[in-house]
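# Survey of secondary and tertiary structure
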Amino acid sequence: MSQFVAKRLLGPFLIRRRQLEETQWLDKDKLRELQLKLLKRIISHSYDTVEFYRNLMQKQGLTKDFLKTLDDIKYLPVTTKQDVLAADDSMISDKYPRRTLRKARTGGSTGTPLIIYRNWASIGNEHAFVNRQWNWAGIEFCDRRAYLMSRVVAEPDCEEGKLYAYDAIMKDLILSTHHLSAQTAEQYASLLKKYEIKALIGYPSAISFLAKLCLQKGIKLKLKAVLTTSELLAEPMRKTIEEASGCQVFDFYGGAERVCYIHTCGHGSYHVIPEYGFTELIPVSDSEPNRCRVVSTGFWNKAMPLIRYDIGDIVIKSDKTCPCGRQFQVIESICGREGDIIKTPSGRQFGVTLVMQLLYVICGINGIAESQVVQDAIDHITIKYVPVQKIDEQQLRNFEHIIGKYLPGELKFDFEQVSAVEKTEAGKVRPLVSLLD
């Protein structure tokens, strides 16, 4: 059994999977009891093993047992991404040897990179929660899935040959987002049929682009479900995907910080997942009480717990009760992950998450506080960045070399150091801006 399979299936995965089948039907009082239990556990663990939170609680005059009700969490201040960056290693639990931890990087919708350390057990738990979202979409554990995300399976300028990978053990088909174009769409659709794929998972920008091309060519994908994540799913995208696939789209929200999940049920409602973390929806202003910041405390990543962490995204909450029967908080819409699309002369398209993945995960650029990719011509982009520390010319040349290996040759790029990148009215960074008509 491969290491990847072991992380999915062993450890807490099977136990947590069975528990989640039961806890999703708890009433509100029982859910709050469960949340309080999990919240107390992560608070106590953080006090004992995480220097940053121990110092923070002591500064507030709190012991590790201060939490008596869920509302008591407000005795702690909100933690921002800038706080985590400044705290550095003091955010990491001293319970785990560093060599046993896995790294995850996020650029996110704010364009600010962050390294998250994860312990092995948290990964199994993560897959259990993801598996339940698959179940809500009607996807069984044995159903074959295809991923149209930022995983690289071929050189960016490669136009022929194998532009995919297939994991026969996990029954996963990996399609190259980097090579998605009018020329490859028919090949991708053929692969979905060849491997009898039941679920397509990926970025909305990529899947909707594939769906449009399939509709133009009269190709029906015939899937059981499409699951989108990491970018804003606009309604036109949803309609296009559903028309091409003949099935419902299930959009789900999460992040590398592992503090909050918002999943979609069969009735199309967004639900905040209460067993995953304690999420506070804090109104942006008194005049807009339903427009809220997402501030969450994750329950499962003990290597680097984040308490009252401001994700930086905005959602519209709802007071409705979903007919699915689950007593989870309903979200009307998710507002915080909008981004433009980069286009190339040959018609390829790159969404915001793919570009952030390229910069911060593949290239591992950790010395950048904020970034913004601006397309100023059909064959050129400018990568604007605000450094947290001096980046010398040799480092920039190394970054250019790596990025040049992943972007197609028809798309030229330059780096530009700036003191600040353009913000929206809400104070957020648009990570990807297109100046093309």
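A few points on the structure. (Residues numbered from 1 in each chain as written. Predicted model: local features only at pLDDT ≥ 70, side-chain atom pairs only at ≥ 80, totals over all residues. Heavy atoms only, no water.)

## Quick look at the overall build of the protein chain
Along the protein chain, the regular secondary structure elements total 11 helices and 20 strands. Restricting the contact set of the protein chain to residue pairs at least 6 apart, pairs at least 24 apart contribute 65%. (Helix = DSSP H or I, 4+ residues; strand = E, 2+ residues; numbered from the N terminus. Contact = heavy atoms within 4.5 Å.)

## Points about the side chain of arginine 132
Take arginine 132: it is sitting in helix H6 (residues 120-136). Sequence-distant contacts of arginine 132, that is, excluding residues within four places in its chain, are made with Leu20, Glu21, Thr23, Gln24, Ile273, Glu275 and Phe328.

## Thoughts on empty space enclosed by the protein
Enumeration over the complete set of coordinates arrives at 3 cavities of 30 Å³ or more. Looking at the second largest cavity, it is lined by 10 residues, and the ones nearest its centre are Ser205, Ala206, Gln349, Phe350 and Gly351. When residues in the lining of the second largest cavity are grouped by element, the largest group, 3 residues, is from helix H8 (residues 204-216). Considered class by class, the residues forming the lining of the second largest cavity number 6 nonpolar, 4 polar and no charged. (1 Å grid on protein atoms, 1.4 Å probe; cavity = no way out; pocket = protein on both sides within 12 Å on 5 of 7 lines; lining within 4 Å. Points joined across faces, edges and corners; volume = space filled by probe spheres on them. Nonpolar A, V, L, I, M, F, W, Y, C, P; charged D, E, K, R; others polar.)

## Digging into the sheet that holds strand E3 (residues 145-149)
One open sheet accounts for 6 strands, arranged E4-E5-E3-E6-E7-E8; its pairing is mixed. Only two strands of the sheet have a single partner each, and these edge strands are strand E4 (164-167) and strand E8 (249-252). Averaged over all pairs of adjacent strands, the angle between their axes in this sheet comes to 20 degrees, without regard to strand direction. By the bridge criterion, 4 bridges tie E4 to strand E5 (residues 172-176) in an arrangement that is antiparallel. Directly across from aspartate 167, in E5, lies its bridge partner aspartate 172. (Pairing = 2+ DSSP bridges. Axes fitted to C-alpha atoms, helices over the stretch in contact; angles between N-to-C directions.)

## Things to note about the pattern of salt bridges
Applying the stated rule across the entire model yields 13 salt bridges. Note that arginine 258 and glutamate 126 form a salt bridge whose closest N and O atoms lie 3.8 Å from each other. Taken together, the residues arginine 258 in the loop between E8 and strand E9 (262-264) and glutamate 126 in helix H6 connect sequence positions 132 residues apart. A relative accessible area of 9% places glutamate 126 in the buried class. (Salt bridge = Lys/Arg side-chain N within 4 Å of Asp/Glu carboxyl O. Buried < 20%, exposed > 50% of the residue type's maximum accessible area, 1.4 Å probe, protein only.)

## Looking at the packing of aromatic side chains
One pass over the full model with this rule turns up 12 aromatic pairs. Look at tyrosine 385 and phenylalanine 415: their rings are 6.0 Å apart centre to centre, the planes differ by 75 degrees, and that puts the pair in the edge-to-face class. Here the residue tyrosine 385 occupies a position in strand E18 (residues 380-387), and phenylalanine 415 occupies one in strand E19 (residues 412-417), the gap between them amounting to 30 residues. Look at tyrosine 385 and you get buried, because its relative accessible area is 2%. Residue phenylalanine 415 is classed as buried on the basis of its relative accessible area of 15%. Its end group placed over the ring of tyrosine 117, arginine 98 keeps NZ or CZ at 5.1 Å from the ring centre. (Phe/Tyr/Trp six-rings, centres within 6.5 Å; stacked < 30°, edge-to-face > 60°. Lys NZ or Arg CZ within 6 Å of the ring centre and 35° of its normal.)

## A word on the packing of H8 against helix H9 (residues 235-245)
With their axes 8 Å apart at the nearest point, H8 and H9 run at an angle of 50 degrees to one another. Here H8 lies oblique to H9, going by the angle between them. Between H8 and H9 lies a crossing of left-handed hand. Residues Pro204, Ser205, Ile207, Ser208, Ala211, Lys212 and Leu215 of H8 touch H9, and the partners they reach there are Met237, Thr240, Ile241, Glu243 and Ala244. In terms of residue class, the contact of H8 with H9 is built from 7 nonpolar, 3 polar and 2 charged. (Parallel < 35°, antiparallel > 145°, perpendicular 65-115°, else oblique. Left-handed = near helix turned anticlockwise from the far one by under 90°.)

## What to know about the packing of helix H3 (residues 28-49) against helix H4 (residues 51-59)
Helix-helix packing is characterised by the crossing angle of the two axes and by the distance between the axes. Remark: H3 packs on H4, axes separated minimally by 6 Å, with the N-to-C direction vectors making an angle of 100 degrees. Classed by the angle they form, the pair H3 and H4 counts as roughly perpendicular. Residues Ile43, Ser46, Tyr47, Asp48 and Thr49 of H3 lie in contact with H4, whose contacting residues are Glu51, Tyr53, Arg54, Met57 and Gln58. Taken together, the residues of the contact of H3 with H4 sort by class into 4 nonpolar, 3 polar and 3 charged.

## Some remarks on H8
Taking 1.5 Å of rise per residue, the 13 residues of H8 would be expected to cover 18 Å, and the 18 Å separating its terminal C-alpha atoms lies within 8% of that figure. Among the 13 residues in H8, 10 count as buried, and that is most of the element. Looking only at H8, the buried set comprises Pro204, Ser205, Ala206, Ile207, Ser208, Phe209, Leu210, Ala211, Leu213 and Cys214. Those residues of H8 that are buried are in contact with E3, helix H7 (185-194), strand E6 (199-202), strand E7 (225-229), H9 and strand E16 (349-350). Backbone geometry just downstream of H8 places glycine 218 in the positive-phi region, at approximately 70 degrees. (Expected span 1.5 Å × (residues − 1).)

## A short note on the layout of surface pockets
If you add up the space inside the second largest pocket, you get close to 670 Å³. Forming the walls of the second largest pocket are 26 residues, and the residues nearest its centre are Arg32, Gln35, Thr279, Phe328 and Gln329. Those elements that place two or more of their residues in the lining of the second largest pocket are H3, strand E11 (277-285) and strand E13 (309-318). Take the lining of the second largest pocket: its biggest share by element is 5 residues, from E11. In the lining of the second largest pocket, the residues fall into 11 nonpolar, 6 polar and 9 charged.

## Observations concerning a negative patch on the surface
A cluster of like negative charges, contributed by Asp376, Asp379, Asp414 and Glu416, occupies part of the molecular surface. Note that glutamate 416 resides in strand E19. (Patch = residues over 30% accessible without salt bridge, like charges linked within 9 Å, V, L, I, M, F, W, Y side chains within 5 Å. Areas by Shrake-Rupley, 256 points an atom, 1.4 Å probe, with all protein chains shown as cover. Lys, Arg positive; Asp, Glu negative; His and termini not counted. Charge placed at Lys NZ, Arg CZ, Asp CG, Glu CD.)

## Notes on the side chain of glutamine 375
As for its position among the elements, glutamine 375 is in strand E17 (residues 368-377). Setting aside residues up to four positions removed in sequence, glutamine 375 forms contacts with Ile341, Ile342, Lys343, His380, Ile381, Leu411, Val433, Ser434, Leu435 and Leu436.

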